[in-house]
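Examining the three-dimensional arrangement
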Amino acid sequence: MKLIKLDAIDSTNDFLKSLSSQDELENFTVVTAENQTKGKGQMGAKWSSETGKNLIMSVLVKDFLFDNEQVFNLSIVVSLAVLDALKSLNIPDLCIKWPNDIMSYNKKIGGILIENTLKSDGRIVSVVGIGINVNQTNYEDLPRGSSLAVISGKTFDKDNLAILITKKIQEKTELWITSSSLFWIDYFNSLFKKGVPMPFKNLEDKNFMGIIQGVSLNGKLQVLLEDDSVSEFEIKEIQMLY
């Protein structure tokens, strides 16, 4: 794989998207940065990181998605790849808070933002942004945030982690055709608070109780409501209160 290391950049995702549009980059090219001035989360939310302490990376993934209806497949691959990498570092109690926040215990330690571009020839090229809280230890302003260092009491090599995650992504994309059903099961079994009655809030700021039942093929969260009906929600249509 090709690894591009930057000191500071506005967004590794934007940098890699620009690079991929100008050049025929090799698949699974990785960009990392020590500091990101305009980090992005889901639906345009800001994502910030203490300089030099955390893993900020973007990975180019080509020749995996071929249909807009299947874009959530890549979320599954990447989320499980990150979990596998962190498990190998003995990070405990890992799970995925739908759609792709990485949790240890009840604390967020990472997030994933995937941006897909439809090329003129019909190909879908994806830039996978991954942020992992690695060696940062101050979370006074982020009470739900934590890091690998806080949880384990150790420091970690960010470059090695970036390479490990990318290798896991590559492995899982190659195994997808034969193992997709197993990956879906793994993703469901890794969901944060699945099967547990939890309070949620909808777009109208109304609170309600529900139980996570699963995720649809196009990535919507399936929630069992108090009237025994199951509703599906898009990203940002629902917020878990925990």
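In what follows, the structure referred to is the one given above.
Procedures and definitions
Residues numbered from 1 in each chain as written. Predicted model: local features only at pLDDT ≥ 70, side-chain atom pairs only at ≥ 80, totals over all residues. Heavy atoms only, no water. Helix = DSSP H or I, 4+ residues; strand = E, 2+ residues; numbered from the N terminus. Rg over C-alpha atoms; globule rule 2.2 N^0.38 Å. Buried < 20%, exposed > 50% of the residue type's maximum accessible area, 1.4 Å probe, protein only. Contact = heavy atoms within 4.5 Å. Areas by Shrake-Rupley, 256 points an atom, 1.4 Å probe, with all protein chains shown as cover. Lys, Arg positive; Asp, Glu negative; His and termini not counted. Charge placed at Lys NZ, Arg CZ, Asp CG, Glu CD. Salt bridge = Lys/Arg side-chain N within 4 Å of Asp/Glu carboxyl O. Pairing = 2+ DSSP bridges. Axes fitted to C-alpha atoms, helices over the stretch in contact; angles between N-to-C directions. Expected span 1.5 Å × (residues − 1). Bend = angle between axes of the 7 residues up to and from the residue. Polar contact = N/O pair within 3.5 Å; in protein donor to acceptor, adjacent residues only side chain to side chain. Core = buried A, V, L, I, M, F, W, Y, C linked by side-chain atoms within 4.5 Å.

**A closer look at the overall build of the chain**
Within the chain, the regular secondary structure consists of four helices and 12 strands. Its C-alpha atoms give the chain a radius of gyration of 18 Å, near enough to 18 Å, the size a compact globule of 242 residues would have. Within the span of the chain, comprising 242 residues, buried residues form 48% of the whole. Taking the contacts inside the chain whose residues are at least 6 apart along the sequence as the reference set, 60% of them involve residues at least 24 apart. Of the roughly 12000 Å² that the chain leaves accessible, carbon and sulfur atoms contribute 48%. Across the chain, the mean location of the 26 positive side-chain charges is 4 Å away from that of the 31 negative side-chain charges.

**Re the pattern of salt bridges**
For the coordinates displayed, the defined rule picks out 11 salt bridges. Between Glu 115 and Lys 17 there is a salt bridge; the shortest N-O distance is 3.2 Å. With a gap of 98 residues between them, Glu 115 in strand 6 (residues 107–118) and Lys 17 in helix 1 (residues 12–22) connect regions that are remote in the sequence. Among the salt bridges present, the one from Arg 123 reaches Asp 121, with a minimum N-O distance of 2.8 Å.

**Some points on the sheet that holds strand 3 (residues 55–61)**
Judged by pairing direction, the sheet is mixed, and its seven strands sit side by side in the order 1-2-3-7-6-5-4 without closing on themselves. The open sheet has two edge strands with one neighbour each: strand 1 (3–9) and strand 4 (94–97). Across the sheet, the mean angle from the axis of one strand to that of its neighbour is 20°, orientation sign disregarded. The pairing of strand 6 with strand 7 (residues 124–132) spans nine bridges and is antiparallel. Within strand 7, the position partnered with Asn 116 by the bridge is Ser 126. Across the face of the sheet, helix 1 comes into contact with strand 1, strand 2 (30–36), strand 3, strand 6 and strand 7 while running at roughly 30° to strand 3.

**Some details on helix 4 (residues 158–189)**
Helical periodicity: at 3.6 residues per turn, an α-helix aligns residues three or four positions apart in one direction. The terminal C-alpha atoms of helix 4, which comprises 32 residues, lie only 27 Å apart, well short of the 46 Å expected from a rise of 1.5 Å per residue. The largest bend along helix 4 reaches roughly 100° and is located at Ser 179. Near the N-terminus of helix 4, the side chain that reaches the backbone nitrogen of Asp 159, with its oxygen 2.9 Å away, is that of Asp 157.

**Observations concerning the pairing of strand 11 (residues 230–233)**
Sheet analysis places strand 10 (residues 221–225) next to strand 11, joined by four bridges and oriented antiparallel. Looking across to strand 11, one finds that Val 223 is bridged to Ser 231.

**Digging into the environment of Glu 26**
Assignment of secondary structure puts Glu 26 in the loop between helix 1 and strand 2. Relative accessible area serves as the criterion here: at 43%, Glu 26 is assigned to the partly exposed category. Those residues in contact with Glu 26 that sit more than four places away from it in its chain are Met 1, Lys 2, Leu 60 and Lys 62.

**Quick word on the sheet that holds strand 12 (residues 238–240)**
Consider a sheet: its strands pair through backbone hydrogen bonds, and that pairing is either parallel or antiparallel. Ordered in space as 11-10-9-8-12, the five strands form an open sheet in which the pairing is antiparallel. Where the open sheet ends on each side, the last strands, each with one partner, are strand 11 and strand 12. Between one strand axis and the next, the sheet turns by 50° as a mean value, whatever way the strands run. Here strand 8 (residues 197–202) pairs with strand 9 (residues 207–215) via five bridges, running antiparallel. Residue Pro 197 lies in a different strand from strand 9, and its bridge partner there is Ile 211.

**With respect to the nonpolar core**
One broad trend across soluble globular proteins is that nonpolar side chains are buried collectively. The biggest cluster of nonpolar side chains holds 57 residues, and the ones touching the most others in it are Ile 130, Ile 165 and Ile 169. In terms of residues, this core owes the most to one element, helix 2 (residues 72–88), which gives 11 residues. Ile 4, Ile 9, Ala 33 and Val 127 belong to the second-largest nonpolar core, a separate cluster that totals 10 residues.

**What about the side chain of Thr 173?**
Mapped onto the secondary structure, Thr 173 falls in helix 4. Among all residues touching Thr 173, those that are not within four sequence positions of it are Phe 28, Phe 64 and Val 77.

So yeah, pure geometry; function would need other evidence.
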